[in-house]
Amino acid sequence: MNISYNWLKEYLQIDLPPAEVAAALTSIGLETGSIEEIQPVKGGLEGLFIGEVLTCVAHPNADHLYLTKVDIGGDELLNIVCGAPNVAAGRKVIVAVAGTVLYRGDQQFTIKKCKIRGEESNGMICAEDEIGLGTSHEGIMVLPADAATGMPAKAYFGLENDYIFEVDITPNRIDGTSHFGVARDLAAYLKQAGKPVALRRPSTDSFQIDDLSPAIQVEVDHTEACIRYSGVTIRGVTVKESPDWLKKRLSAIGLRPINNVVDITNFVLHELGQPLHAFDASKIKGDKIVVRTVSIGTKCTTLDGVERSLTDQDLIICNAEEPLCLAGVFGGLDSGVTEQTTDVFLESACFHPVWVRRTARRFGLNTDASFRFERGLDPNQTVFALKRAAIMIKELAGGTITGEIQDIYPEEIKPFPVALSFKKINTLIGNEIPADVVRSILSSLEIDIVSETNESMFLHVPVYRIDVRRDVDVIEEILRIYGYNNVIIGDHTHSTLSRRTENDQNHQLEDMIAEQLCGAGFQEVLNNSLTRMDYYEGLRAYPVHDAVILKNPLSAELNCMRQTLLFGGLQNIAFNFNHKNKNLRFFEFGNCYVHRVEEQSKEDTLSAYREHYRLGLWIAGRRFENNWAEADADSTVFELSAIVENIFTRLGIDRTKPVQTSMTNDFYSQGLILQAGSGKFLGTLGIINDMILKSMDIHFDVYYAELSWEAMLSESRSIKVKFSDIPKYPEVKRDLALLLDRNIPFEKIKEVAFESARNFLKRVSLFDVYEGKNLPPEKKSYAVSFYLQDELRTLTDMQIDVIMSMIQKNLADRCGAILR
């Protein structure tokens, strides 16, 4: 939000440099991101002075030029050649001395000493368009005779540079979205800092009703959505261009002046923080404003010329027959003020934040008014802002205030009561703040002290401070004005012993796995939990009816919660590939969300919703490229499988225990379901389906694993670490070449082997797979190593032969394996 330094000074008499003001605002929670100097005239009239033409004679070598001697209050007179027809001796003029930079649009030029047709010229007598004070170029600018010779033009015209603070308003500080609100906070800070200044509130004492005859009436049908509605009619106004001071105020903060009436509503909005809307009263049919909802499908054309289809969840300002505008969001095209308007109905209201936010999101609108209504406004200032604007309209547009103020306020909102103890103030802040300092700060923040004892006080917090409801909120207010830097930190520390919770341990394990993955060449990504529902259309693995769908999405691109981490990572891969980063390894920790309609219960509305914490892994591109030690090689799904096994090992999950089951679905073209030895689901991994890749504009293989972090932690906690001696007896290795059906996975071989020789078989590894010539159709060859060991004695050849015979027999019976 833009705050004007000069505008602030209308409410505070301060002479602090802008940089100090910015530092003060930041220290009290109104963080100032930047300061921009604004010049009312480009160049600020620097190098321009009031001069008096002492002599003026014709140029001897030119018919339309004159030789002048000009006094600008210096030691010497300036010789200036001038071609203006109205230059004459005795006239007061604006002189640009040599070295002055003048601007014309986006172009600039520097005044230099030179010779014109053989005669010396040491400056320029200026026309109004040459210095940015007008558009006329018919002659030089002639000033009144009493203009002081030698006075800087900047001082003569009363030009003052402004400074614009870019203040970052947090959502809870709606009271700071106006110049008066910022001035109020700044006054509290300056008072505490020993520089007290009086805060001048705009006056509405001159407001009076000129004509009591009937005017526009107001009816509020939906009092929940419309907390308060105030309005007044002003007849006989003249809509025209705003005066310069008003246009400069609005232009300085980035607003485009429109006309005097509309500009006044914008001025009051940024002065007091209260949105206003001016209607052309002649467009209000039936002389009645009705605040209500409308039936689904009702049409309303807004100021941007877009016809919008309304719902029964939109609060609408209507006349007796039809909608006029979206309450608190956007005005209507046909009811706004134009140059033909003579009668105005001025609206000042307080609408419920939820209703305004819902309508603004539905139509994708974000206006100055909706920004404020969505955060909650003070309904007790609507009439004050209305009077302020009505007075200004009378001053700048004429007219008469007609009829009583219409004010519908069904349930008045009172100040919020808060009990506050001095002990708690000092305990939370860590310093003892004197009671009189506390009282002073509360008074400057307009927090009323209703009653007080030696231990505590009872307060009334003003309604405009919607974020201050508890005693700790009040203490935070006291501290930010007292000054965080004024809190004295002692030379000793008070601390408590704390134990590590289960969450702490989980985070530590997460960091450990993240570091392991980074060490393996992965990069961590973080994607939005909101995603497109279109991703799940037609998927059976993640059906769209299981998606958590947003009722009021920010956009069509973010209209549901993600069921899987996959699509965010695919977006990362597509983006990086398009930017020439082709060899990619990503991982992400994040929540996924599902909605199980069948699990919905009447007692618990949230029973159908589930949130699962997952770890996603993506590999794409080449494993080795342009490496002197390795030949170029593409990444494979086996590389991803090894990464997953390493994660299991790091978490203490026995890598020989997880069960892998092959699967193929609309998600994976080839994949595995990973289960713990206990049968607990751990995750999936595989090669992503081509249809999904094409939908993301990816035309190469992507290998993906999605692991249940919660299940892995649970499995990890159930494992007890056992220590054993280093084996005293040697390990024996035997290799078998097995001919099998193509559909038999290696995991099946491992399972049968371990069941056959559980006490002696330690490991099983696959070191070769062959499919092709010299093999029967639909067959493949596995070369498998079996590692045997007895922890009590050395295995004999006879024992080894018996064990291997048992393994071969069971493989033949259960897998159809034939020894090659």
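Up top is the structure.
Residues numbered from 1 in each chain as written. Predicted model: local features only at pLDDT ≥ 70, side-chain atom pairs only at ≥ 80, totals over all residues. Heavy atoms only, no water.

S.K.: In this structure, what is going on with the overall build of the protein chain? I would like to understand it.
M.R.: When helices and strands are tallied, the protein chain shows 19 helices and 41 strands. Its C-alpha atoms give the protein chain a radius of gyration of 40 Å, more than 25% over the compact-globule value 28 Å for 820 residues. Looking at the protein chain as a whole, 47% of its 820 residues qualify as buried. Pairs at least 24 residues apart make up 70% of the contacts formed inside the protein chain by residues separated by at least 6 positions. Just so you have it, the protein chain exposes about 42,000 Å², and 49% of that area is on carbon and sulfur atoms. Taking the average place of the 86 positive charges on the side chains of the protein chain and the average place of its 113 negative ones, the gap between the two points comes to 6 Å. (Helix = DSSP H or I, 4+ residues; strand = E, 2+ residues; numbered from the N terminus. Rg over C-alpha atoms; globule rule 2.2 N^0.38 Å. Buried < 20%, exposed > 50% of the residue type's maximum accessible area, 1.4 Å probe, protein only. Contact = heavy atoms within 4.5 Å. Areas by Shrake-Rupley, 256 points an atom, 1.4 Å probe, with all protein chains shown as cover. Lys, Arg positive; Asp, Glu negative; His and termini not counted. Charge placed at Lys NZ, Arg CZ, Asp CG, Glu CD.)

S.K.: Explain the sheet that holds strand S15 (residues 226-235) to me, please; I cannot follow it from the model alone.
M.R.: Whether parallel or antiparallel, the strands of a sheet pair through hydrogen bonds between backbone atoms. The strand order across the open sheet built from four strands is S16-S22-S15-S23, with neighbouring strands paired in antiparallel fashion. The sheet terminates laterally at strand S16 (276-280) and strand S23 (400-408), the two strands that pair on one side only. For this sheet, the mean angle separating the axes of adjacent strands, direction not counted, is 20°. Relative to strand S22 (residues 343-351), S16 runs antiparallel, the two sharing five bridges. Paired with His277 across the two strands is Glu347, which belongs to S22. Of the strands in this sheet, S16 and S22 touch helix H6 (residues 260-272), which is tilted by about 165° from S16. (Pairing = 2+ DSSP bridges. Axes fitted to C-alpha atoms, helices over the stretch in contact; angles between N-to-C directions.)

S.K.: So what exactly am I meant to see when it comes to helix H12 (residues 471-482) here?
M.R.: Since the α-helix turns once every 3.6 residues, residues separated by three or four places project in the same direction. If you check H12, its first and last C-alpha atoms are 16 Å apart, about what 12 residues at 1.5 Å a residue would give, namely 16 Å. Of all 12 residues in H12, 10 are buried; the element is thus mostly enclosed. For H12, the complete set of buried residues consists of Asp471, Asp473, Val474, Ile475, Glu477, Ile478, Leu479, Arg480, Ile481 and Tyr482. Residue Gly483 follows H12 closely and has a positive phi angle near 110°. (Expected span 1.5 Å × (residues − 1).)

S.K.: Before we go on, may I ask you to explain the sheet that holds strand S40 (residues 779-788) in this structure?
M.R.: Judged by pairing direction, the sheet is antiparallel, and its four strands sit side by side in the order S39-S40-S38-S41 without closing on themselves. A single partner strand is all that each edge strand has here, and the edge strands are strand S39 (761-770) and strand S41 (818-819). In this structure, strand S38 (residues 732-741) lies alongside S40, joined through 10 bridges in antiparallel fashion. Within the sheet, the bridge partner assigned to Val732 lies in S40 and is Leu788.

S.K.: Can you help me understand the nonpolar core in this one?
M.R.: Inside soluble globular proteins, nonpolar side chains tend to come together where they are buried. Formed by 80 residues in total, the largest nonpolar core has its most connected members in Val268, Val474 and Ile478. With 10 residues, the single largest contributor to this core is helix H9 (residues 382-397). Once residues lying within four places of it in the same chain are set aside, the contact partners of Ile478 are Leu420, Ile425, Ile433, Val438, Ile441 and Leu442. Core analysis: the second largest hydrophobic core is formed by 37 residues, Ile216, Cys300, Val329 and Ala369 among them. (Core = buried A, V, L, I, M, F, W, Y, C linked by side-chain atoms within 4.5 Å.)

S.K.: Help me understand the environment of Pro85 in this model?
M.R.: Its place among the elements puts Pro85 in the loop between strand S5 (78-82) and strand S6 (92-97). For the pair Pro85 and Glu138, spaced 53 residues apart in sequence, the C-alpha separation works out to 8.2 Å. Excluding anything up to four places from it in sequence, Pro85 contacts Glu138 and Gly139.

S.K.: Explanation requested: the packing of helix H11 (residues 435-444) against H12 in the structure shown.
M.R.: Relative orientation and spacing of two packed helices are given, respectively, by the angle between their axes and the distance between those axes. As a packed pair, H11 and H12 sit with axes 10 Å apart at the nearest point and diverge in direction by 95°. In terms of orientation, H11 lies roughly perpendicular with respect to H12. Only Val474, Glu477, Ile478, Ile481 and Tyr482 of H12 make contact with H11, whose side of the interface consists of Val437, Val438, Ile441 and Leu442. Each residue belonging to the contact of H11 with H12 can be placed in one class, and the counts come to eight nonpolar, no polar and one charged. (Parallel < 35°, antiparallel > 145°, perpendicular 65-115°, else oblique. Nonpolar A, V, L, I, M, F, W, Y, C, P; charged D, E, K, R; others polar.)

S.K.: What is the right way to look at the pattern of salt bridges in this model?
M.R.: When the charged atoms of two side chains lie near each other, side chains of opposite charge can form a pair. Scanning the model with the defined rule gives 44 salt bridges in all. Salt-bridge contacts for Asp741 lead to Lys779; the nearest nitrogen and oxygen are separated by 2.5 Å. In this pair, Asp741 is assigned in strand S38 and Lys779 in strand S40, connecting sequence segments 38 residues apart. Residue class for Asp741 comes out partly exposed when judged on its relative accessible area of 32%. Of the charged contacts, one joins Lys809 and Asp813 as a salt bridge, the two residues approaching to 3.0 Å between their closest N and O atoms. With Lys809 and Asp813 both in helix H19 (residues 797-815), this residue pair falls four residues apart, about one helical turn. You'll find Lys809 and Asp813 in the same group, each marked exposed. Taken together, the shared-partner salt bridges in this structure form one network comprising Arg173, Asp175, Asp185, Arg465, Asp467, Glu477 and Arg480. (Salt bridge = Lys/Arg side-chain N within 4 Å of Asp/Glu carboxyl O.)

S.K.: Looking at this structure, how should I read unusual backbone geometry?
M.R.: With the exception of glycine, most residues fall at negative phi, and the peptide bonds are largely trans. The residue Glu446 is not glycine, and still its phi comes out positive at about 65°. Residue placement: Glu446 occurs in the loop between H11 and strand S25 (448-452).

S.K.: Sorry, what's going on with the packing of aromatic side chains here?
M.R.: Working definition: an aromatic ring pair is given by the centre-to-centre distance plus the angle between the planes. In total, this model carries 19 aromatic pairs according to the counting rule given. For the ring pair Tyr5 and Tyr163, a centre distance of 6.1 Å and an interplane angle of 80° mean the geometry is edge-to-face. Here the residue Tyr5 occupies a position in helix H1 (residues 5-8), and Tyr163 occupies one in strand S13 (residues 162-168), the gap between them amounting to 158 residues. For Tyr5, a relative accessible area of 6% translates into the label buried. (Phe/Tyr/Trp six-rings, centres within 6.5 Å; stacked < 30°, edge-to-face > 60°.)

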